[in-house]
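Read off the chains here:
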Amino acid sequence: MKRKNTTALLLAVSLMAVAGCAKKQKPQDLPPPPIGAEGNTGAVTAPTGPTPGSQADFIASITADRIYFDTDKSDVDAEDQATLATQAEWLKKYPNTRVTIEGHADERGTRDYNIALGARRANSAKNALAAMGIDAARISTVSYGKERPEALGSTEADWARNRRAVTVTVQ
Amino acid sequence: MRTLPSLLLLAGALFASAASAQITGTVTDESGNQSFVVAIPPLTTPDDVATPAGQTADLGRKVAEIISNDLNATDVFTPKGPAGLRGIAMPEVTAPAFAEWEGLGAENLVHGFVRANTDGTLMVGCYLYDVSLKSEMVRQGYVVGPRDWRRAAHKCADSIYSRLSGENPFFDSRIAYIAETGPKGNRVKRLAIMDSDGANHRFITNGQALALTPRFSPDYKSIVYVSYIERRARVYVYDIASGRQRLVTESPNQTFSPRWSPDGSSILYSMSVGGNTDLYRVSSAGGGTPVRLTNTPAIETGGSYSPDGSKIVFESDRSGSQQIYVMNADGSGQQRISFGGGNYATPEWSPRGNLIAFTRVGGGAFRIGVMSPAGNGEKLLTNSWQDEAPTWSPNGRVIQFFRTTQGSGKTAVMQVDVTGAKERKIDTPVDGSDPAWGPILP
């Protein structure tokens, strides 16, 4: 039991690393998941494409794993809806897969408020997926506030990239 | 873990003739505040011997440095020395060369000595004189273990500060804060504690889990803070002696922004339920049922008790932007008190009760400010790209906060007195944020 959990965790970490690079490239350009290559486990082999139902498959199958927000805002606009619709479509194909939505804020806010704001954003994305027919029980949320920026500069463009809600599959 | 031994007060508070003495000859700055010129030559020693804390003569100079640094924290004093001042002989401690110090422009004079006792303790004698009146104002003696020699210096500075300013002491107190290392995208954040001047630093958590927003309990025995140890924000109480921590409330929701009630019996915190953040209160003993204090679709967070525990100041964006509100401790009577432009956040009620410190966001800057609990007399104390999260000294005269550097995201614990005249960086081994000032030590 313990060993299995460890394996699952390692997989999740490896896959998240892939997801981290994914947004800068076309999903089709993704390298194969490095699971087998890392030699951590012999449990999974990656033949030619992402394992169906995996995080890598999720990333390869959707428009984007994240939606973006305006300053201090948490509403989901039409573009976000279209992105989330592709996530919902994938989730319907894999009804046993659960996801966590991570809400984030930019650095130009106070710490506690940004945790609350990230929670609001993650919940907006969750509600949108639920409205598309995904069982809310499959979706958990977490807010990181301003603690985990992705763009590391201090420009308007950086802040726009950090005001985000990211959907991550729970493997 | 050891507990801090209480300081032995030998000579008691001998204010002698000082009670009738008038303080004269003080300088007045532009803001109308009096500033006392205080000469602080190195403390002397009756016998220069080795101790676990160093030679007693060296300690005499270091104690004077700490006193000088402490007194320079507020606009009440203009300390001179110990650098550049001559040492004193033992008989001068009780019979100062007043004319000489007056000639140097000193209005007040600190003398003292460090003596190694035969039982291994140190005795620090601490004297304050009015130079022109040639009168003694403070005579204190502190007996400490060698490890606590700095506390004797802080106690001496506290006595001088209180005697001359009429304010309560605050130097002998501690800070909990977050020590930060690592790249901006993946900062390692550790709970850490230190003396009010940054000395005696100690890391508490190992950095495996993101740690945020600590607060010392009123008795210094525990720290309430936020940890992501279970991959989401949750409020824990960390027991310093045992190194164990426990959740303040079992909930599937994220909890954050914790504060103690002044008597330590309750913890005020924020909880996000379905994306909606409100303020809650729960017994700090654990196991109690949380009481919900706000109930709006807006974000309510950053709660802080008034010193008598009867009221709570907090921030809410119910008006469309972050603003500061005051309510009764049971959640009734909510009233907005901030009305300036931009956002107001992180309110903290002064231990004196007379002021609310806050972060004001606007015009491309995050600044620390103060206003009355009714919202009057707003005054901004700092001006920087990003200053936030004020915390009060135990006597309500000084504020610590943290400053973030644009671009690099590097952070530093900063300090400013409540007039805005004296701003300084607190030295920490690595970057620091979220300082929280504890009460004065007994």
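Throughout this document, residue positions are counted from 1 along each chain, in the order its sequence is written. Here every chain gets a letter starting at A, and every ligand a number starting at 1, in the order they are written. Local features in this predicted model are restricted to residues of pLDDT 70 or higher, and side-chain atom pairs are both shown and tallied only at a pLDDT of 80 or more, whereas totals for entire chains, interfaces and linings draw on every residue. Side-chain descriptors were evaluated using all non-hydrogen atoms of the structure, hydrogens and water having been removed beforehand.

> So what exactly am I meant to see when it comes to the interface of chain B and chain A here?
One frequently used descriptor of interface size is the decrease in accessible area upon assembly of the parts. Contacts between chain B and chain A engage 43 residues on the former and 26 residues on the latter. Buried area between chain B and chain A, both sides added, is near 2,800 Å², and the carbon and sulfur share of it is 50%. By salt bridge we mean one thing: a side-chain nitrogen of Lys or Arg within 4 Å of a carboxyl oxygen of Asp or Glu. The tally of links from chain B across to chain A stands at 5 salt bridges. The salt bridge partner of Arg111 of chain A is Asp434 of chain B, with a shortest N-O separation of 2.8 Å. Counting of polar contacts relies on pairs of N or O atoms within 3.5 Å, with two restrictions inside protein: one atom must be capable of donating a hydrogen and the other of accepting it, and residues adjacent in sequence are counted only when both atoms are side-chain atoms. Joining chain B to chain A, the criterion identifies 22 residue pairs in polar contact (both at pLDDT 80 or more). Only DSSP runs of H or I with at least four residues qualify as helices, and only runs of E with at least two residues qualify as strands; both kinds are numbered from the N terminus onward. Of all elements in the fold, only β13 (211-216), β17 (254-260), β21 (300-305), β25 (343-349), β27 (365-371) and β33 (431-440) of chain B reach the threshold of two or more residues within the side of chain B that touches chain A. Note that Gly is not counted as nonpolar here; it falls among the polar residues with everything else outside the nonpolar set of Ala, Val, Leu, Ile, Met, Phe, Trp, Tyr, Cys and Pro and the charged set of Asp, Glu, Lys and Arg. Of the residues assigned to the side of chain B that touches chain A, the class counts are 12 nonpolar, 20 polar and 11 charged. Residues count as neighbours in contact if any of their non-hydrogen atoms are within 4.5 Å of one another. Using a 1.4 Å probe, buried area is obtained as the accessible area two parts lose upon being combined, added over both of them.

> Got a minute to help me understand the confidence of the model for chain B in this structure?
As a note on interpretation, predicted positions should not be read in detail where pLDDT is low. All names here are of chain B. Confidence of the prediction at every residue is given by pLDDT, a number between 0 and 100. Of the residues in chain B, 92% reach a pLDDT of 70 or more, and the chain-wide mean stands at 92. Segment residues 1-31 is flagged for pLDDT under 50; beyond a separation of four residues in sequence, or across chains, it makes 67 contacts in the model. Taken over the whole predicted complex, pTM reads 0.86, whereas the ipTM for its chain interfaces reads 0.90.

> I keep staring at the sheet that holds strand β12 (residues 202-203) of chain B and nothing clicks. Help me out?
For sheets, the rule is that strands pair by backbone hydrogen bonds, running either parallel or antiparallel. Residues and elements named next belong to chain B. Taken together, the 4 strands give an open sheet; going across it, the order is β12-β11-β10-β33, and neighbouring strands pair in antiparallel fashion. With partners counted over all chains shown, the strands left at the sheet margins are β12 and β33, one partner each. Across 8 bridges, strand β10 (residues 173-181) lies against strand β11 (residues 188-195) in antiparallel orientation. For Thr181, the partnering residue across the bridge sits in β11 and is Val188. What makes two strands pair is DSSP finding at least two bridges between them.

> Help me out: how do you make sense of the pattern of salt bridges in this one?
Once their charged atoms are close, side chains differing in charge can pair, the charge on each being opposite to the other. Under the defined criterion, the tally for this structure stands at 35 salt bridges over all chains. What you see here is one network of salt bridges that share partners, running through Arg111 and Glu147 of chain A together with Glu180, Arg187, Lys189, Lys410, Asp431 and Asp434 of chain B.

> Could you clarify how one ought to interpret the sheet that holds strand β3 (residues 139-145) of chain A in this entry?
All names here are of chain A. In spatial order, the strands read β1-β4-β2-β3; together these 4 strands make up an open sheet with mixed pairing. Here the strands that pair on one side only, and so sit at the sheet edges, are β1 (66-68) and β3. Strand after strand, the sheet turns through a mean of 20° between neighbouring axes, direction not considered. The pairing of strand β2 (residues 98-104) with β3 spans 6 bridges and is parallel. Residue pairing in the sheet places His104 in a bridge with Gly145 of β3. Axis geometry follows a simple rule: fit a line to the C-alpha atoms, using only the stretch in contact for helices, then measure angles between N-to-C directions, giving values from 0 to 180 degrees. Helix-sheet contacts for helix α3 (residues 78-93) involve β1, β2 and β4 (164-170), and the interaxial angle to β1 is about 165°.

> Hey, could you run me through the state of the cysteines in this one?
The bond known as a disulfide is covalent and runs between the sulfur atoms of two cysteines. Residue and element names in this part refer to chain B. A pair of cysteine sulfur atoms is labelled a disulfide when the two atoms are within 2.5 Å. For the structure shown, the criterion picks out 1 disulfide over all chains. A sulfur-sulfur distance of 2.0 Å marks the disulfide that ties Cys126 to Cys156. Of note, the bridge from Cys126 to Cys156 carries an S-S torsion of about 80° and is right-handed in sense. Placement of Cys126 in strand β8 (residues 122-130) and of Cys156 in helix α3 (residues 149-165) is noted, with a sequence separation of 30 residues between them. Neither residue differs from the other here; Cys126 and Cys156 are each classed as buried. Throughout, exposure labels follow a simple rule: accessible area from a 1.4 Å probe, protein chains only, divided by the maximum for the residue type, with under 20% read as buried, over 50% as exposed, and the rest as partly exposed.

> Sorry, what's going on with the pairing of β27 of chain B here?
Regular strands place side chains that alternate from one sheet face to the opposite one. Residue and element names in this part refer to chain B. Here β27 lies mainly inside the structure; 6 of its 7 residues are buried. Taking the residues that link successive antiparallel strands as the turn, the strand β26 (residues 356-362)-β27 hairpin has 2 residues, and the phi of Gly363 there is positive, at about 60°. One ladder, built from 2 bridges, connects β27 with strand β28 (residues 379-380); its direction is antiparallel. Of the residues in β28, the one forming a bridge with Val370 is Lys379.

> How should I be thinking about the packing of α3 of chain A against helix α4 (residues 111-131) of chain A in this particular structure?
What describes two packed helices is the angle between their axes and the distance between those same axes. Residues and elements named next belong to chain A. At a minimum axis separation of 9 Å, α3 and α4 run at an interaxial angle of 55°. Classified by the angle between their axes, α3 and α4 sit oblique to one another. Seen along the crossing, α3 lies across α4 with a hand that is right-handed. Of α4, the residues touching α3 (which contributes Leu84, Gln87, Ala88 and Leu91) are Ala125, Ala128 and Leu129. Reported orientations rely on four angle classes, namely roughly parallel under 35 degrees, roughly antiparallel over 145, roughly perpendicular from 65 to 115, and oblique for the rest. What makes a crossing left-handed is the near helix being turned counterclockwise from the far one by less than a right angle; a clockwise turn instead makes it right-handed.

> Whenever I open this one, the environment of Trp392 of chain B confuses me. Can you help?
Residue and element names in this part refer to chain B. Note that Trp392 resides in strand β29 (residues 387-392). Between the C-alpha atoms of Trp392 and Ile178, which are 214 residues apart in sequence, the distance is 16 Å. Look past the residues within four positions of Trp392 in its chain and what remains in contact with it is Glu348, Trp349, Ser350, Pro351, Leu355, Ile356, Ala357, Val370, Val398, Ile399, Val418 and Trp437. Within the local environment of Trp392, its side chain forms a polar contact with the backbone oxygen of Glu348, the two atoms lying 2.8 Å apart.

> How do you make sense of the packing of helix α1 (residues 56-71) of chain B against α3 of chain B when you look at a structure like this?
Residue and element names in this part refer to chain B. Their axes nearest at 9 Å, the elements α1 and α3 cross at an angle of 45°. Taken together, the axis directions place α1 and α3 in an arrangement best described as oblique. When you trace α1 past α3, the crossing you get is right-handed. Residue-level contacts link Leu59, Lys62, Val63, Ile66, Ile67, Asp70 and Leu71 of α1 to Trp149, Arg150, Ala153, His154, Cys156, Ala157, Ile160 and Tyr161 of α3. When its residues are assigned to classes, the contact of α1 with α3 shows 11 nonpolar, 1 polar and 3 charged.

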